[in-house]
Amino acid sequence: MPSQVFPTKNNLIATKKSLNLAKLGYDLMDRKRNILVREMMEKLDNVKTLQSDVYAAYSQAYSLLRQAHLTMGSCTEYANCIPVDNSLDISVYSVMGVELPKIKLGKSETNFYYGLESTNSLLDEAYIKFNEAKELTMQLAEIQSGVIRLADAIKKTQKRTNALSNIMIPKFTATVKFISDALDEKEREDFSRLKVIKKTKE
């Protein structure tokens, strides 16, 4: 590639400028990658904790529901009394240009929509525990979605960083060396020619 570049001072200046831009781009990409990796690692730590919390919440909720079934019979008609929660709100925030989801549930009061006289405390506890599990599931979904997006962005950033480090910067460095060496050689030749002309004149 360097041999295809005509060795002139203008080309040397332009190539040096491209080299400096490539180095700056590499520094920025490297910094971006490090910030994204740190953000992802923080989220992964939360994922491990939340996964166990979600599992525990659902286990307790289903255990309470089974006990309610045993003591009351079918709970289907009571479950049908509870309205569908449509309060989910999804927005995004940016980390180094990567859009990450922010999921919120509207403020929910624990209202018992079924008649309390025909139910028992086991069903109430199951309902409360399912609400807790719903909140934890929402938090887990937000974090897992963020981790997936961050991992994808890190992969793309790593590719660009590698391209700059392994291809562009070495190419521009070699081109600068080629042009500099060619110009130095031309300068030496011109100097030698001038010496010969001067001797001839003398």
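Residues numbered from 1 in each chain as written. Predicted model: local features only at pLDDT ≥ 70, side-chain atom pairs only at ≥ 80, totals over all residues. Heavy atoms only, no water.

K.L.:
Mind laying out the packing of aromatic side chains, listing which residues take part and the relevant values?
P.N.:
Geometry of an aromatic ring pair is reported as the spacing of the ring centres plus the angle between the planes. Under the criterion given, the structure shown has 3 aromatic pairs. Considering the side-chain rings of Y58 and Y62, the 6.4 Å spacing of their centres and the 25° angle between planes classify their relative orientation as stacked. In this pair, Y58 and Y62 are both assigned in helix α1 (residues 9-72), 4 residues apart and thus about one turn of the helix distant. We classify Y58 as partly exposed; its relative accessible area is 29%. Seen in terms of ring centroids, Y58 and F130 are 6.5 Å apart; in terms of plane orientation they differ by 65°. Their pairing is edge-to-face. (Phe/Tyr/Trp six-rings, centres within 6.5 Å; stacked < 30°, edge-to-face > 60°. Helix = DSSP H or I, 4+ residues; strand = E, 2+ residues; numbered from the N terminus. Buried < 20%, exposed > 50% of the residue type's maximum accessible area, 1.4 Å probe, protein only.)

K.L.:
Any details on the pattern of salt bridges? Residues and values, ideally.
P.N.:
As enumerated under the stated definition, the model contains 5 salt bridges in all. Put simply, E142 and K102 hold a salt bridge, and the shortest N to O gap is 4.0 Å. Of this pair, E142 sits in helix α3 (residues 121-201) while K102 sits in strand β2 (residues 98-104); the two residues are 40 residues apart in sequence, bridging distant segments of the chain. For D152, the salt bridge identified is with K156, shortest N-O distance 3.4 Å. Of this pair, D152 and K156 both sit in helix α3, 4 residues apart, which is roughly one turn of the helix. Relative accessible area serves as the criterion here: at 40%, D152 is assigned to the partly exposed category. (Salt bridge = Lys/Arg side-chain N within 4 Å of Asp/Glu carboxyl O.)

K.L.:
A description of the environment of A133 should follow, citing residues and the corresponding values.
P.N.:
Mapped onto the fold, A133 is located in helix α3. Classification of A133 as buried rests on a relative accessible area of 0%. Distance in space between the C-alpha atoms of A133 and I197 is 93 Å, their sequence separation being 64 residues. The residues touching A133, leaving out its near neighbours within four places in the chain, are A57 and Y58. (Contact = heavy atoms within 4.5 Å.)

K.L.:
Talk me through the pairing of strand β1 (residues 89-95); I want residue IDs and the actual numbers.
P.N.:
Across 7 bridges, β1 lies against β2 in antiparallel orientation. Its bridge partner lying in β2, V95 is registered against V98. Hairpin remark: β1 followed by β2, antiparallel, with 2 residues in the connecting loop; positive phi at M96, about 55°. (Pairing = 2+ DSSP bridges.)

K.L.:
I'd love a proper account of the nonpolar core, names of residues and values included.
P.N.:
Of all hydrophobic cores here, the largest spans 17 residues; its most connected members are L36, V98 and L150. At the level of elements, α1, β2 and α3 are the ones that each hand at least two residues to this core. (Core = buried A, V, L, I, M, F, W, Y, C linked by side-chain atoms within 4.5 Å.)

K.L.:
Provide a residue-level description of the confidence of the model for the chain, including the pertinent values.
P.N.:
Scored by pLDDT, the chain comes out at a mean of 87, with 91% of its residues at no less than 70. Across the chain, α1 holds the top mean pLDDT of 93, while helix α2 (residues 76-79) sits lowest at 80. (pLDDT = per-residue confidence, 0-100.)

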